[in-house]
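Observations on the model geometry
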Amino acid sequence: MSIVVIGAVFVDIKGFPEEHYLPNGRNAGSVEYIHGGVSRNVVENIANLELRPTFVSLVDETAMGQEVLSKLRRHKVNLEYVQTVPGGMGTWLAVFDDTGDVAGSISQRPNLMPILDILEERGDEIFRDADSIVIEIDIHKEIVKKVFELAEKYNKKVYAVVSNMRIAPKRRDFIKQLDCFVCNQQEAGLLFASDFSGAEPEEMLGLLAEHVKSAEFRAMVITLGSRGSVYADQEGHRGFCPSMKVQVKDTTGAGDAFCSGLVVGLTYGKTLAESCEIGTRLSASVIVSNENVCPRFLPRELGIEVDVEEAWEREEA
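Residues numbered from 1 in each chain as written. Predicted model: local features only at pLDDT ≥ 70, side-chain atom pairs only at ≥ 80, totals over all residues. Heavy atoms only, no water.

**Considering unusual backbone geometry**
To be explicit about the condition: Secondary structure is summarised from DSSP: a helix means a run of H or I of at least four residues, a strand means a run of E of at least two, and numbering begins at the N terminus for each.
Of note, the phi angle at K76 is positive, near 70 degrees, even though the residue is not glycine. Locating K76 in the fold gives a position in the loop between α2 (63–74) and β5 (78–84). Phi is positive for N155, which is not a glycine, with a value near 55 degrees. Assignment of secondary structure puts N155 in the loop between α4 (141–154) and β9 (158–161).

**Comments concerning the nonpolar core**
The condition that has to hold: By convention a nonpolar core is built from buried Ala, Val, Leu, Ile, Met, Phe, Trp, Tyr and Cys residues, the set being connected through side-chain atoms within 4.5 Å. Type-normalised accessible area, obtained with a 1.4 Å probe on protein chains alone, sets the label of each residue: buried when under 20%, exposed when over 50%, and partly exposed for intermediate values. What makes two residues a contact is simply this: any of their non-hydrogen atoms within 4.5 Å.
Residues I6, L119, F127, I137, F181 and M220 are the most contacted members of the largest nonpolar core, which totals 58 residues. If one sorts the elements of this core by residue count, α4 sits on top with seven residues. Beyond its immediate chain neighbours, meaning those up to four positions away, I137 contacts V144, A160, V161, V162, A168, R171, F174, I175, L178 and F181. Counting 47 residues, the second-largest nonpolar core is a separate cluster that includes A219, V221, F258 and F297.

**Some words on the sheet that holds strand β7 (residues 102–108)**
As a reminder of what qualifies: For two strands to be treated as a pair, DSSP must find at least two bridges joining them. Interaxial angles span 0 to 180 degrees and are taken between N-to-C directions of axes, which are lines fitted to C-alpha atoms, for helices over the stretch in contact.
The four strands are arranged β3-β2-β6-β7 in an open sheet whose pairing can be described as mixed. The strands lining the two open edges of the sheet, one partner per strand, are β3 (29–36) and β7. Direction aside, neighbouring strands of the sheet carry axes that sit 15 degrees apart on average. Note: strand β2 (residues 10–17) against strand β6 (residues 90–96), six bridges, orientation parallel. Counted as the bridge partner of G15 is V95 from β6.

**Comments concerning the packing of aromatic side chains**
Basically, it comes down to this: In this analysis, rings of Phe, Tyr and Trp, with Trp reduced to its six-membered ring, are considered paired at centre separations within 6.5 Å, and the interplanar angle assigns stacked below 30 degrees, edge-to-face beyond 60, and tilted for intermediate values.
Under the criterion given, the structure shown has five aromatic pairs. On the numbers, 5.8 Å between centres and 25 degrees between planes, the contact of F148 with F174 is stacked. In this pair, F148 sits in helix α4 while F174 sits in helix α5 (residues 172–175), placing the two residues 26 residues apart along the sequence. Like F174, F148 is buried. An aromatic cluster of at least three residues, connected via ring pairs, comprises F16, W92 and F96.

**Here we look at a nonpolar patch on the surface**
To keep it simple, the criterion reads: Candidate patch residues must exceed 30% relative accessible area and have no salt bridge, after which like charges are joined if within 9 Å and Val, Leu, Ile, Met, Phe, Trp or Tyr side chains if within 5 Å. Areas reported here follow the Shrake-Rupley algorithm with a probe of radius 1.4 Å; residue values treat only the protein chains shown as occluding. Each reported salt bridge corresponds to a side-chain nitrogen of Lys or Arg within 4 Å of a carboxyl oxygen of Asp or Glu.
A cluster of nonpolar residues, M244, V246, V248 and V288, forms a patch on the protein surface that exposes about 280 Å² of accessible area. With respect to the secondary-structure elements, M244 resides in the loop between β13 (238–241) and α8 (254–267). Judged by relative accessible area, which is 43%, M244 ranks as partly exposed.

**Structural notes on the environment of L205**
Along the polypeptide, L205 turns up in helix α7 (residues 201–215). A residue is classified by how much of its surface remains accessible, and L205, at 14% relative accessible area, is buried. Taking C-alpha positions, L205 is 40 Å from R74, a pair spaced 131 residues apart along the chain. Beyond its immediate chain neighbours, meaning those up to four positions away, L205 contacts V230, Y231, R238, G239 and F240.

**Regarding the packing of helix α1 (residues 38–47) against α8**
Rules: Relative orientations are named as follows: roughly parallel for angles under 35 degrees, roughly antiparallel for angles over 145 degrees, roughly perpendicular for angles from 65 to 115 degrees, and oblique for any other angle. For a crossing to be left-handed, the near helix must be turned anticlockwise from the far one by less than a right angle; the clockwise case is right-handed. All amino acids are sorted into three groups, where Ala, Val, Leu, Ile, Met, Phe, Trp, Tyr, Cys and Pro are nonpolar, Asp, Glu, Lys and Arg are charged, and the leftover types, Gly among them, are polar.
Running from amino to carboxyl end, α1 crosses α8 at an angle of 50 degrees, the nearest separation of the two axes being 9 Å. One way to sum up the angle between α1 and α8 is to call them oblique. Classified by chirality, the crossing of α8 by α1 is right-handed. Facing α1, whose interface residues are V38, N41, V42, N45 and I46, α8 presents D256, A257, S260 and V264. When the residues that make up the contact of α1 with α8 are grouped by side-chain class, the tally is five nonpolar, three polar and one charged.

Just distances and angles here, no functional claims.
Structural data, given as structure tokens:
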């Protein structure tokens with residue numbers, strides 16, 4: 001069945017200034033409506049590697065909701081477990097400065113509890129043939145509990161990202177059960193109640209290794225923006241992965257693309273270091289455009305020894 005992604009769909013409303021951005025002034029520019037959401041971005045990234053992931057999520061009854069489904073369907077995402085419900089999608093409103101960074105944002109999250117009903121009714125068939133699971137660790141606790149229950153039953157690895165770091169520190173027991181957790185430097189500071197803002201990569205690597213060991217996390221990766229990423233696990237493997245030097249246009253979705261590449265690598269036999277390199281490449285391919293997701297790649301272009309035909313046959317068998 002390939003990788004299963006569980007989480008929310010958002011509509012991203014993004015504003016871009018024509019000239020230098022004035023935080024307290026009026027800025028002429030452009031406004032775009034884009035399909036977004038951490039999980040939605042991750043599932044489309046994986047689909048763009050021709051791996052046909054499965055999405056467990058919700059959309060609403062609006063025209064935008066149907067557009068989301070149409071696009072994912074074109075990208076060969078399995079939408080059998082996506083339900084259409086009133087208010088099923090969230091909204092993220094963001095304004096970018098002239099360097100491509102987010103100057104401010106507000107998000108409205110949807111009610112995702114219908115996903116629990118999907119997992120209660122069809123979780124066995126979803127998890128039985130899954131290659132791995134990706135979830136947003138900050139979604140409803142009951143959904144996360146059900147995911148781990150099913151993952152344990154079918155011996156599946158679970159990876160996670162975060163969309164609301166105010167919730168994630170309360171989920172440390174869940175994070176301990178993950179095979180790998182990904183977040184950025186600011187989010188890591190909130191998780192470990194520490195100020196990492198001035199830490200350089202070498203220092204950040206040492207801090208991460210210490211925290212992973214003491215918190216009993218299996219593995220964790222912290223993205224450092226333009227400085228790359230650091231990783232560490234319980235077995236003592238740790239390292240730094242530099243970023244790729246590209247012209248930044250829009251950083252939205254870069255972290256989701258990194259997570260997608262990391263999960264694909266770990267799912268299909270790559271080391272943590274190699275998987276971070278794949279994530280870095282996908283992240284770089286996103287920030288050079290206004291798109292939230294990576295362009296299309298074949299798995300072997302990223303060093304993943306999975307043929308497209310093999311992925312399709314595994315699903316259809």
